[in-house]
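Chain by chain, the residues run as shown.
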Amino acid sequence: MHDTQYIQFFDGGHDPDVEILGGKCSSLVSLTAAGMPVPPGFAVTTNTYRMFVHESGLDATIHRLLDGLDPDDVRSVDSRSAAIREEMLLRPVPDELRGQAYLAYHDLMERCGGSVPVAVRSSATAEDLPEASFAGQQDTYLWVTGMDNVTDHIRQCWASLYTSRAITYRLKNGIQNDGLSMAVAVQKMVNAATSGVAITLHPGTGDRSKVTIDASYGVGEMVVSGQVTPDNIMLDKVMLTIVSERLGDKHAELVPDPGSRQLVEREVDEARRNRRCLTDAQVVEVAQMAKRAEKHYGCPQDIEFAFDADLPDGQNLLLLQSRPETVHSVKIPEQKSKPAVGSGFSFGNLSALAATASKAAGTLPGHQHTHPHD
Amino acid sequence: MTAQPIMKSFPKPSEISVPDGAQGWEDLYPYFLSFRNLSGSEDEKFWFCDSQHWPTVYKPFETIGGEFAVKCLGQYNTRHLMIPPANGIEFKIHMGYLYMSPIPVPEEQIPARVPEFERRAGHYFQNWDTLLEGWKVKVRATIAEMETLHFAPLPDMVPFDDIVQGVAKDGSEVLMENYDRLIQLCYQNGQYHFEFLNLGYLAYLDFFGFAKEAFPGIPDQAIAKMVQGVDMELFRPDDELKKLALLAIEMDLTAAFDNTDDVEATLAGVRALPGGEQWIEVYEEAKDPWFNFTVGNGFYGHDKYWIEHQDIPLGYIKDYIRRALDGHDIMRPVAELVAERDRITQEYRDLLDGEALAAFDAKRGLAATAYPYVENHNFYIEHWTMGVFWRKVRELGAVFAQAGFWQAPEDMLYLTRGEVRDALFDYVTAWAVGGEPTGPHYWPAEIERRRRIVDALSTQRPQPALNTPPAEITEPFTMMLYGITTEQVQQWLAADEQDDDAAITGMAASPGIVEGYARVITHADELSSVQEGEILVATITAPSWGPIFGKIKATVTDIGGMMSHAAIVCREYGLPAVTGTGKGSTTIETGQFIRVDGNSGRVEILEPTG
């Protein structure tokens, strides 16, 4: 059995503790517990990282290298960052930890019915929290195969705590290095036919009656990092009908290459570019899943999803991530009309009623509101 | 600055060519109803065609429905309620079709109307339920009185009793009084018709405007679902048939429903079976009033009513029996509909708080109270009142036919209601003096001439609108009742130029996407041809087509908006619907494989050959 101090499977039934699991893993544990379709995997906990830096004496090294560092001295920051990360990749991992990770990986492979690629992602304790977004400052490694590669990438995730950017950020924001730790997610890789992100509100206005989806072909990293223009679809959250949509160019996709067993970027042909990458039914499925995530957390969510090409319809939509939507606060348009006491009818507003109704009728689906005299 | 686009226009009424054989059509109708451009303004104003209520050419007598309805709609805006932005709607007939032109209130007069409106509308909204109960009493009394009116040939001599009692009248005055009273009672329920209707729409519009502001882009159908009644009188006739079908199964009477075209034999067959009398009792109870239900829309003299054509309801019962025996659940999923309405309402509510939530609750509550009238009145007016009215009209027509004025009772529809009054006096005069009426020498040829004109007019579809549209349509009733919006008008104008046959678009009236074979229906008499699992494509549907909706997969109509009957019934049955496509029934052919997207309002022909 795995020592839950160091390893926790997403479906292990433990409390999603951010201090132990980091933001990403804790969210995956919580979503798995809520019955959401999260691909199987496990967390290498923050305790593992702590034991590693402690047992290996790395903590003292880091302390020494960062002592008195000037955040504006770019060259010093770069060289010390490189030194720390090199140590991180080289120092021996204690046997106990190594053994735990091996067992967990073995279990996961068995569960997936053989040797399958995994994604290795960092799961920082400060990342994904609404107040301080570290998003994008930690690493994700896709399509990793074999135990040796997996452990290498776990180390690289750890090392990403000490990139120049991260070091500078912490120095400038007065964040101490002492309590710093990181968990790592090792998760079955989804063979994504299509993937993307969905937000349970209108990102432009904060209108919470909408679900907005960005989706493109292949693995979702290209959408998340903005390398492709995805299809953009906005739905009414309650009715799950499409309110507006815009086809994106989707010129490239990240897909596994069977030969090299790696992800490769491939051009998307004209015909596939010119049609929406999700069917109507898939659009609704994604929105429903986003709604479930929002309901689970009780606040607007930003989810990552993928449709797995290896799974049958109805079971192929997978949830990769869900985090609170932090950019837009909840906003309801100001009410111009005040209800008349007792009747519920805004009589005074009636002179404006015609205009309102006209505007409303102009939003009928499929019609553009045009003014011939504009 | 870009150059201003040239304002596009619909044709002027005076410029549209008259179909061959329809010359002189203007004289079929009263002088004030036909477009004659006497004031000069008829060729200037914007008019739209109300093909939603009057999809086919009027026979002269039938203008009564349009005249009474649109006049009475107007009086409530203009004189009763003082609706701030909107007066009534002017109406005229062009080549047999009804055209309308809404009359806005001048901007500067609007503020002064607001307090009056608040006082008047407020009274209704605050006393809705009790006032509506009173309304039902008034309307039923009108119908009951209409039922007491009879039209019978005059006797050879005045009864002796009348002599003894000194009545001193020959009975012709009863014939004339009854005719006048019939028209008057039709007018009376015409006035009652709109006592609540405009308010129902207003409450709906108020909530609609609020929802569109709070949730920009909220689908119209979401708003409709939140206020729509579920257990409505309009669905009662259909529900009664379903109950009768299930009862027939339960009592083991299904063998009697082999040939429902023969009403007498079917009912006799039921009676002959054990327990049959009991079923007949339930059937008789359902008839009054629920069989006062038309397969048309109540505005035409040829509309068939169940109560006079019991083969129609019996056919539906037979069909329901078959479906129930096949294992289908034929009852409407009322509990699911209520649960879905509650879910939708709750999910939108959850997005609001504070004052906005209070406003949402108040406005939705009011709309949910007031809006069901918009549907339910249909049963009382279009079905029940008009069913009795047309029956009485035919009764009078038969008196004339017997006197040789014309052949069939329905021929009377080729006279205006004023001309019928004249013909009555012709008839009673000849009877009184013992001479010969002029009618039989005048009307048969004249009716044939008029019939040819009406037939010729019927060969031409009406223009959707006339003259230059305003830059924006703002009158709320025009938009709500008729779906006439700025966009709709622009679309009509654009359709002339680029007729893209592949895309048929309309209103996303009821959600869902299905594919299936089309069945194009242009007349209620063709309804029996609809097969299980087909997609109904029709010019317009009537609520009484209810039983059909249990059979089909989706509906496409040429005419009608979010609140058209097809839209409401489809939402009720959980079927996708696209309404107001303008050309669905003329573009799609029976047997074609089509795809109906009730979410986006698009219809596609997937396999053009049927």
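Sequence order as written defines the numbering, with residues in each chain counted from 1. For naming, the first written chain is A and the first written ligand is 1, with later ones following in the order written. In keeping with the model being predicted, local features are shown solely for residues with a pLDDT of at least 70 and side-chain atom pairs are shown and tallied solely at 80 or more, while totals for entire chains, interfaces and linings include all residues.

**Quick look at the overall build of chain A**
Comment: elements are numbered from the N terminus, with helices defined as DSSP H or I runs of at least four residues and strands as E runs of at least two. Across its full length, chain A holds 11 helices and 13 strands. The exposure scheme places C-beta atoms from the backbone and then counts, for each residue, the other C-beta atoms within 10 Å of its own, assigning buried at 20 or more, exposed at 12 or fewer, and partly exposed in between. By residue count, 45% of the 374 residues in chain A fall in the buried class. We call two residues in contact when their backbone-placed C-beta atoms lie within 7 Å. Put simply, of all contacts in chain A between residues at least 6 apart along the chain, 65% involve residues at least 24 apart.

**Regarding the confidence of the model for chain B**
Reading predicted coordinates in detail is not appropriate for stretches of low pLDDT. All names here are of chain B. Averaged over all residues, the pLDDT of chain B is 90; the fraction at 70 or higher stands at 95%. Confidence of the predictor in every single residue is expressed as pLDDT, which spans 0 to 100. In this model residues 1-6 is a low-confidence stretch, pLDDT under 50, and it forms 2 contacts with partners more than four residues away in sequence or in other chains. Taken over the whole predicted complex, pTM reads 0.78, whereas the ipTM for its chain interfaces reads 0.74.

**Observations regarding the sheet that holds strand β1 (residues 47-49) of chain B**
Residues and elements named next belong to chain B. DSSP bridges decide pairing: two strands pair if at least two such bridges lie between them. Strands sit in the order β2-β3-β1-β4 across an open sheet of 4 strands; the sheet is antiparallel. Sheet topology places β2 (86-94) and β4 (465-466) at the edges, where each strand pairs with a single neighbour. Pairing of β2 with strand β3 (residues 97-104) involves 7 bridges; the strand directions are antiparallel. In the strand pairing of β3, A86 is matched with P104. The axes are straight lines fitted to the C-alpha atoms, using for helices just the contacting stretch, and the angles between their N-to-C directions are given from 0 to 180°. Its contacts with the sheet place helix α1 (residues 63-80) against β2 and β3, and it is angled at close to 165° to β2.

**A short note on helix α8 (residues 236-250) of chain B**
Residues and elements named next belong to chain B. How far a helix is expected to stretch is found by multiplying one less than its residue total by 1.5 Å. With 15 residues, α8 extends 21 Å between its outermost C-alpha atoms, agreeing within 8% with the 21 Å of an ideal straight helix rising 1.5 Å per residue. Taken together, the buried positions of α8 are P237, D238, E240, L241, K242, L244, A245 and A248. Phi turns positive, to about 60°, at D252, one or two residues after α8.

**Considering unusual backbone geometry**
Residue and element names in this part refer to chain B. The omega torsion across D288 and P289 is 10°, close enough to zero to call that bond cis. Positive phi values are uncommon outside glycine, yet N37 reaches one of about 55°. Along the polypeptide, N37 turns up in the segment before β1. Non-glycine residue D252 carries a positive phi angle of around 60°. Along the polypeptide, D252 turns up in the loop between α8 and α9 (263-272).

**Digging into the environment of W290(B)**
Residues and elements named next belong to chain B. As for its placement among the helices and strands, W290 is situated in helix α10 (residues 276-290). Classification of W290 as buried rests on a count of 21 C-beta atoms within 10 Å. For W290, the residues in contact, after removing those within four places along its chain, are R236, P237 and E240.

**As for the pairing of strand β7 (residues 210-217) of chain A**
Residues and elements named next belong to chain A. Counting buried residues in β7 gives 8 out of 8 residues, a clear majority hidden from the surface. Pairing geometry for strand β6 (residues 192-199) and β7, over 6 bridges, is antiparallel. Directly across from A198, in β7, lies its bridge partner I213. Note: β7 against strand β8 (residues 231-236), 6 bridges, orientation antiparallel. The residue of β8 that forms the bridge with D214 is N232.

**Thoughts on the sheet that holds strand β7 (residues 513-521) of chain B**
All names here are of chain B. Strands sit in the order β5-β12-β11-β7-β8-β9-β10-β6 across an open sheet of 8 strands; the sheet is mixed. Edge strands, defined here as strands with exactly one partner in the open sheet, are β5 (503-505) and β6 (507-510). The sheet shows a mean angle of 30° between the axes of neighbouring strands, taken without regard to direction. Across 5 bridges, β7 lies against strand β11 (residues 593-597) in antiparallel orientation. Residue pairing across strands places I513 opposite D597, the latter belonging to β11.

**Notes on the domain arrangement of chain A**
Buried accessible area, meaning the area lost when the parts come together, often serves as the stated size of an interface. Residue and element names in this part refer to chain A. Each domain of chain A was delimited in the assignment, giving domain 1 (7-188) and domain 2 (192-324). What marks off one domain from the next here is an automatic or database domain assignment. Computed from C-alpha atoms alone, the centre-to-centre distance between domain 1 and domain 2 is 26 Å. For the side of domain 1 that touches domain 2, the secondary structure elements donating two or more residues are α1 (18-33) and β4 (140-144). The greatest single-element share of the side of domain 1 that touches domain 2, amounting to 3 residues, is contributed by α1. Class assignment of the residues belonging to the side of domain 1 that touches domain 2 gives a composition of 9 nonpolar, 2 polar and 2 charged. Amino acids are sorted into nonpolar (Ala, Val, Leu, Ile, Met, Phe, Trp, Tyr, Cys and Pro), charged (Asp, Glu, Lys and Arg) and polar (every other residue, Gly among them).

**Remarks on the nonpolar core**
Residues and elements named next belong to chain A. In these notes, a nonpolar core means any group of buried Ala, Val, Leu, Ile, Met, Phe, Trp, Tyr and Cys residues linked to one another through C-beta atoms within 7 Å. If you look at the biggest cluster of nonpolar residues, it comprises 84 residues, and the most contacted ones within it are V120, V184, A198, V286, F305 and L319. Ranked by the residues each element gives to this core, the list is headed by α1, at 7 residues. Here this core spans two domains, since at least three of its residues come from each of domain 1 (7-188) and domain 2 (192-324). Leaving out residues up to four positions away in the same chain, V184 has contacts with V44, V120, R121, S122, S123, I154 and C157.

**Overview of the environment of G533(B)**
All names here are of chain B. By the secondary structure assignment, G533 is in the loop between β7 and β8 (535-538). Each C-alpha atom of the pair G533 and E410 lies 36 Å from the other, and the pair is 123 residues apart in sequence. Those residues in contact with G533, other than ones at most four positions away along the chain, are G516 and K553.

**Considering the confidence of the model for chain A**
Residues and elements named next belong to chain A. Mean pLDDT over chain A stands at 82; residues scoring 70 or higher make up 83%. When mean pLDDT is compared element by element in chain A, strand β2 (residues 41-44) scores highest at 96, while helix α11 (residues 353-361) scores lowest at 38. In this model, residues 127-137 is a region of pLDDT below 50 whose contacts with residues beyond four sequence positions or in other chains number 20 contacts. Low pLDDT, under 50, characterises residues 329-374; the predicted model gives this stretch 107 contacts beyond four residues in sequence or across chains.

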